[in-house]
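Residues per chain, in single letters:
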Amino acid sequence: MSADTKIAELLTELHQLIKQTQEERSRSEHNLLNIQKTHERMQTENKTSPYYRTKLRGLYTTAKADAEAECSILRHALDKIAEIKSLLEERRIAAKMAGVYSDSDPPRKTMRRGVLMTLLQQSAMTLPLWIGKPGDSPPPLCGATPASSDYVAKQGDKVAARVKAVDGDEQWILAEVVSYSHSTNKYEVDDIDEEGKERHTLSRRRIIPLPQWKANPETDPEALFSKDQLVLALYPQTTCFYRALIHTPPHRPQDDYSVLFEDTSYADGYSPPLNVAQRYVVACKENKKK
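Bear in mind the structure is a predicted one, so any value in this text is a computation, not a measurement.

> So what's going on with the overall build of the chain? Which residues, and what values?
Summing up its helical and strand segments, the chain has three helices and 10 strands in all. In the chain, the order of α-helices and β-strands from amino to carboxyl end is α-α-α-β-β-β-β-β-β-β-β-β-β. Taking 2.2 N^0.38 as the reference for a compact globule, 290 residues should give roughly 19 Å; the C-alpha atoms of the chain span a radius of gyration of 24 Å, well beyond that estimate. Once the C-alpha set of the chain is aligned to its principal axes, its extents read approximately 80 × 55 × 40 Å. Expressed as a percentage of the 290 residues in the chain, the buried residues total 37%. Within the chain, residue pairs in contact and separated by at least 24 positions form 57% of the contacts whose partners lie at least 6 positions apart. With an accessible surface of roughly 17,300 Å², the chain has 54% of that area assigned to carbon and sulfur atoms. In the chain, which carries 41 positive and 41 negative side-chain charges, the distance between the mean positions of the two groups comes to 3 Å.

Structure follows, in structure tokens:
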């Protein structure tokens, strides 16, 4: 089965799941309205009788079952979305390796910088939010949670890569994994901003995988970097990572970090607060100033 056919099938299944979600939600609204009305009657009568206690217990049991059913459908839909994104990424990588590009994904050596910045912003916005079940801990690469020690980034994954610049200095850049050699323990990566111009061969210690899920501050705050923590963050409108301090962690799932970049042109050595998406903030491997 071709990738296009499989994607079409998954989109059809996703459409059906969305319809089921709406049907489930509509069905549960009647029960939620009954709960509200029962509480209003209790307040009016200013008493909690055994009748009301029994009725509310039944209503809340039904509401819980309805919520779990809707949650199950939504998780199934999220799985479909993840599968579609994976197939699209596989198709993009195959086209890249074959030297064929679509109009929506031209070779970046001819891509205008504004287009690249927009793509990076969209990638950050569409990074999936980790939604675990009660009691689940955030997995590796969720927010600030690091990868496991034996983790190997896959072809097409975005990483922070430490490379030598033209002037000989080293810098952290946003790169895409081309391959990994288990015999040499080295990656081949392309600079996201110079695709087709230069390829870097780097050891694992020079690679930091980017988060694969956003962490939810409301449910998993421990999976976020904390205030004043030293990180590497992608400087806005660039493809380079620089050392920074966390000024304010995200408060809501859709929020960015507010960070202070190291900058000697300011009296205190740090820039004013700048926003950086969760996708582009990683742990700093350098603990001391150069």
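> Tell me about the pairing of strand β3 (residues 186–191), residues and numbers included.
As paired strands, strand β2 (residues 170–181) and β3 are joined by six bridges and run antiparallel to one another. Paired with Glu176 across the two strands is Asp190, which belongs to β3. Counting the residues between successive antiparallel strands, the hairpin from β2 to β3 contains four residues, one of them, Asn185, with a positive phi of roughly 55°. Of the strand pairs in this sheet, β3 and strand β4 (residues 199–203) are connected by five bridges, and their pairing is antiparallel. Each bridged residue has a counterpart across the sheet, and for Val189 the counterpart in β4 is His200.

> I'd love a proper account of the pattern of salt bridges, names of residues and values included.
Oppositely charged side chains can form a pair if their charged atoms are brought close together. Under the definition given, this model contains 16 salt bridges. The partner of Lys80 in a salt bridge is Glu13, and the shortest N-O contact between them spans 2.5 Å. With Lys80 in helix α2 (residues 50–98) and Glu13 in helix α1 (residues 3–45), the pair connects residues that are 67 residues apart, well separated along the chain. Exposure remark for Lys80: the relative accessible area of 13% places this residue in the buried category. Two residues, Arg27 and Asp66, come together in a salt bridge whose shortest N-O distance is 3.2 Å. Here the residue Arg27 occupies a position in helix α1, and Asp66 occupies one in helix α2, the gap between them amounting to 39 residues. Of the residues examined, Asp66 reaches a relative accessible area of 7% and is grouped as buried.

> Explain the layout of surface pockets to me, and be specific about the residues and the numbers.
Its boundaries defined by the atoms lining it, the second largest pocket holds a volume of some 460 Å³. As for the second largest pocket, its lining consists of 22 residues, and the residues nearest its centre are Gln121, Ala124, Asp256, Ala277 and Tyr280. When contributions to the lining of the second largest pocket are tallied by element, the ones reaching two or more residues are α3 (113–125) and β9 (274–276). When residues of the lining of the second largest pocket are assigned to their parent elements, the largest contribution, six residues, is made by α3. For the lining of the second largest pocket, the per-class residue count stands at 11 nonpolar, seven polar and four charged.

> So, α3: which residues are in play, and what are the values?
Under the 1.5 Å per step criterion, the end-to-end length of α3 is 19 Å for 13 residues, consistent within 8% with the ideal 18 Å. Of the surrounding secondary structure, the elements contacted by the buried residues of α3 are β2.

> Report on the domain arrangement of the chain, specifying residues and quantitative values.
Often the size quoted for an interface is simply the accessible area lost on bringing the parts together. Segmenting the chain into domains produces domain 1 (3–98) and domain 2 (221–283). Using only C-alpha atoms to locate each centre, domain 1 and domain 2 end up separated by 35 Å.

> Let's hear about the pairing of strand β6 (residues 230–234): which residues, and what values?
Extensive coverage of β6 is indicated by the burial of four of its five residues. Where β6 and strand β7 (residues 240–248) come together, five bridges link them in antiparallel fashion. Looking across to β7, one finds that Leu234 is bridged to Phe241. Hairpin geometry of β6 and β7 is characterised by an intervening segment of five residues between the two adjacent antiparallel strands and by a positive phi of about 65° at Gln237.

> Which residues make up the state of the cysteines, and what are the values?
This structure, assessed with the given rule, holds zero disulfides. Between Cys284, a cysteine without a disulfide, and Cys240, which holds the nearest cysteine sulfur, the sulfur-to-sulfur distance is 15 Å. Using a relative accessible area of 11% as the deciding quantity, one classes Cys284 as buried.

Rules used in this analysis
- Residues numbered from 1 in each chain as written.
- Predicted model: local features only at pLDDT ≥ 70, side-chain atom pairs only at ≥ 80, totals over all residues.
- Heavy atoms only, no water.
- Helix = DSSP H or I, 4+ residues; strand = E, 2+ residues; numbered from the N terminus.
- Rg over C-alpha atoms; globule rule 2.2 N^0.38 Å.
- Buried < 20%, exposed > 50% of the residue type's maximum accessible area, 1.4 Å probe, protein only.
- Contact = heavy atoms within 4.5 Å.
- Areas by Shrake-Rupley, 256 points an atom, 1.4 Å probe, with all protein chains shown as cover.
- Lys, Arg positive; Asp, Glu negative; His and termini not counted.
- Charge placed at Lys NZ, Arg CZ, Asp CG, Glu CD.
- Pairing = 2+ DSSP bridges.
- Salt bridge = Lys/Arg side-chain N within 4 Å of Asp/Glu carboxyl O.
- 1 Å grid on protein atoms, 1.4 Å probe; cavity = no way out; pocket = protein on both sides within 12 Å on 5 of 7 lines; lining within 4 Å.
- Points joined across faces, edges and corners; volume = space filled by probe spheres on them.
- Nonpolar A, V, L, I, M, F, W, Y, C, P; charged D, E, K, R; others polar.
- Expected span 1.5 Å × (residues − 1).
- Domains from an automatic or database assignment.
- Disulfide = S-S within 2.5 Å.

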